[in-house]
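# Descriptive analysis of the structure
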Amino acid sequence: MKTTIAAATGSYPVISGHGILKDVRTLAGVCEGGRRAVVITDDNVAPLYLDTLLSSLPADTPRHIVPHGEASKNWTLAGELTEALAADGLCRDDAVIALGGGVVGDLAGFVASVYMRGISYVQVPTTLLAAIDSSVGGKTAVDLKAGKNLAGRIYPPKAVVCDLDTLSTLPGTEWKCGLGEAVKYAVLAGGEIFDIMREGVTENNLERLVDLAVDYKRRIVEEDENEKGLRRLLNLGHTFGHAVETESALGFPHGVCVAMGIKIIARACVKAGMLPKEDYLAVTSLLQKYGFPDCPYPVGAVAEHIVHDKKIESGKINVVTIRGIGKCDVVPMTLGELKEFVS
Ligand code: NAD
Ligand code: GLY
């Protein structure tokens, strides 16, 4: 399946399929006419998939393997990788290939965006989260001491090539994190995504789920690439999700916290009379189906962490509320209003 995304700087394809990792060179159009590429990946993904990717690339293609995990999304490593691209002799019309999950994608995309004031990069997502979310839309970032993703750019890729076969080796926790984001899409978009999630994700419908999520994100980012309005919807569950992550000192993985955040908001919306009970039960049974736990902390305590959210603008937090399945809104609230809303 190929989805074309129109970005401000031009359009790019998002290609998904089985067994296409060995075809990245032709599908993404890299290393044509003597151009070169550099691969950035992590130490979990490299032993599994680097050789297959490299098999179609020139033998002297440089590769850089970073430690897996969020800690690699840091300024120092981004600087080292940028220096490495220079040492590799990468030129302005060459490309970076990001092979991995959202960490590698965000980091390599950020490095590509600053090297020589920006060179092409290709996203090759290998996690469910990266396949349905982070590889699409051009957000690149590293974390700062003050918080996640605080340094970054919107810098769309040249192409996204997702070999769905790579998802088969994901550890259970990572698969579940991706499902947390998939529940987010199900509630935001409703329709077939919701139906697939309600049925249960299987080998037979995984490709369709990924394609539908990518197409939903396409519609959002084509209208609001720079997150001035509509794109904020993609933060459903994230305001409280990030706060739960902080409260738990990263004890719960990101996607699980997003799922808890969706439940907190759904509960507040049904209590406020804006979400019909039937739709509320549809959301909660989806969360239950995938084994997402309730937030174990008092919501008031969790809300205290929201004061540090980078999405606060002019003293207001853009809260994504739920009116129904497939019907969500962005409602600016002060922290006081939000605390009252969820109490
Ligand atoms: P991740 O990149 O850390 O990958 C999760 C783990 O799975 C890692 O240990 C990785 O080595 C391993 N892994 C990856 N692919 C594998 C495979 N196929 N088989 C076995 N192991 C594999 O995490 P993630 O959940 O993919 O991404 C999270 C990151 O994405 C966060 O930094 C978040 O901020 C970012 N993000 C960015 C956007 C965006 O729009 N740019 C959106 C959502 C999240
Ligand atoms: N994952 C949120 C976004 O891309 O906007």
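None of these values were measured; they are calculated from a predicted model.

Throughout the structure, instances matching the rule amount to four aromatic pairs. On the numbers, 5.9 Å between centres and 85° between planes, the contact of Tyr185 with Tyr216 is edge-to-face. Highlighted residues: Tyr185 in helix H6 (residues 172-189) and Tyr216 in helix H8 (residues 206-223), separated in sequence by 31 residues. A relative accessible area of 0% places Tyr185 in the buried class. The buried category is assigned to Tyr216, whose relative accessible area is 8%. Between Phe252 and Tyr297, the aromatic rings sit 6.4 Å apart at their centres with planes inclined by 70°, giving edge-to-face as the arrangement. Linking Phe252 in the loop between helix H9 (238-247) and helix H10 (254-271) with Tyr297 in the loop between helix H11 (277-289) and helix H12 (299-303), this pair joins segments that are 45 residues apart in sequence. In this structure, Lys176 is placed above the aromatic ring of Phe292, and the distance from its NZ or CZ to the ring centre is 5.3 Å.

Surrounding ligand 1, one finds 26 residues, the nearest of these being Asp42, Glu70, Thr126, Thr127 and Thr169. A distance of 2.5 Å is found between an oxygen atom of ligand 1 and a side-chain nitrogen or oxygen belonging to Glu70. Within the side chain of Thr169, a nitrogen or oxygen atom sits 2.8 Å from a nitrogen atom of ligand 1. Along the lines of polarity and charge, the residues of the shell around ligand 1 split into seven nonpolar, ten polar and nine charged.

Turning our eyes to something else, we now look at the site of ligand 2. Around ligand 2, the neighbouring residues are Asp133, Lys139, Lys217, Arg231 and Leu234. In the environment of ligand 2, an oxygen atom lies 2.9 Å from a nitrogen or oxygen atom belonging to the side chain of Lys139. The side chain of Arg231 places a nitrogen or oxygen atom 2.7 Å from an oxygen atom of ligand 2. The fraction of the free accessible surface of ligand 2 (200 Å²) that becomes covered by protein chains is 86%. For the shell around ligand 2, the class distribution of residues is one nonpolar, no polar and four charged.

This next bit is on the nonpolar core. Counting residues in each nonpolar core, the largest one holds 73 residues, and the members touching the most others are Val183, Met197, Phe240, Ile322, Leu338 and Val342. If one sorts the elements of this core by residue count, H10 sits on top with eleven residues. If you look at the next biggest cluster of nonpolar residues, it comprises 23 residues, including Cys31, Leu50, Leu57 and Ile97.

On the basis of which strands lie adjacent, the open sheet formed by three strands has the order S10-S11-S12 and antiparallel pairing. Unpaired on one side and paired on the other, strand S10 (312-313) and strand S12 (327-333) mark the two borders of the sheet. Strand direction decides the pairing type here: strand S11 (residues 316-324) and S12, joined by seven bridges, are antiparallel. Within the sheet, the bridge partner assigned to Ile322 lies in S12 and is Cys328.

The sheet built from seven strands is open, its strands ordered S1-S2-S9-S6-S5-S3-S4 with mixed pairing. Here the strands that pair on one side only, and so sit at the sheet edges, are strand S1 (2-7) and strand S4 (63-66). With strand direction ignored, the average angle separating the axes of adjacent strands in the sheet is 15°. Looking at chain direction, strand S3 (residues 37-42) and S4 are connected through four bridges and run parallel. For Ile40, the partnering residue across the bridge sits in S4 and is His64. Here helix H3 (residues 75-87) sits on the sheet and contacts S3, S4 and strand S5 (95-100); the angle it forms with S4, its principal contact strand, is near 170°.

Cut-offs and rules
- Residues numbered from 1 in each chain as written.
- Chains lettered and ligands numbered in written order.
- Predicted model: local features only at pLDDT ≥ 70, side-chain atom pairs only at ≥ 80, totals over all residues.
- Heavy atoms only, no water.
- Phe/Tyr/Trp six-rings, centres within 6.5 Å; stacked < 30°, edge-to-face > 60°.
- Helix = DSSP H or I, 4+ residues; strand = E, 2+ residues; numbered from the N terminus.
- Buried < 20%, exposed > 50% of the residue type's maximum accessible area, 1.4 Å probe, protein only.
- Lys NZ or Arg CZ within 6 Å of the ring centre and 35° of its normal.
- Near = heavy atom within 4 Å.
- Polar contact = N/O pair within 3.5 Å; in protein donor to acceptor, adjacent residues only side chain to side chain.
- Nonpolar A, V, L, I, M, F, W, Y, C, P; charged D, E, K, R; others polar.
- Areas by Shrake-Rupley, 256 points an atom, 1.4 Å probe, with all protein chains shown as cover.
- Core = buried A, V, L, I, M, F, W, Y, C linked by side-chain atoms within 4.5 Å.
- Pairing = 2+ DSSP bridges.
- Axes fitted to C-alpha atoms, helices over the stretch in contact; angles between N-to-C directions.
- Contact = heavy atoms within 4.5 Å.

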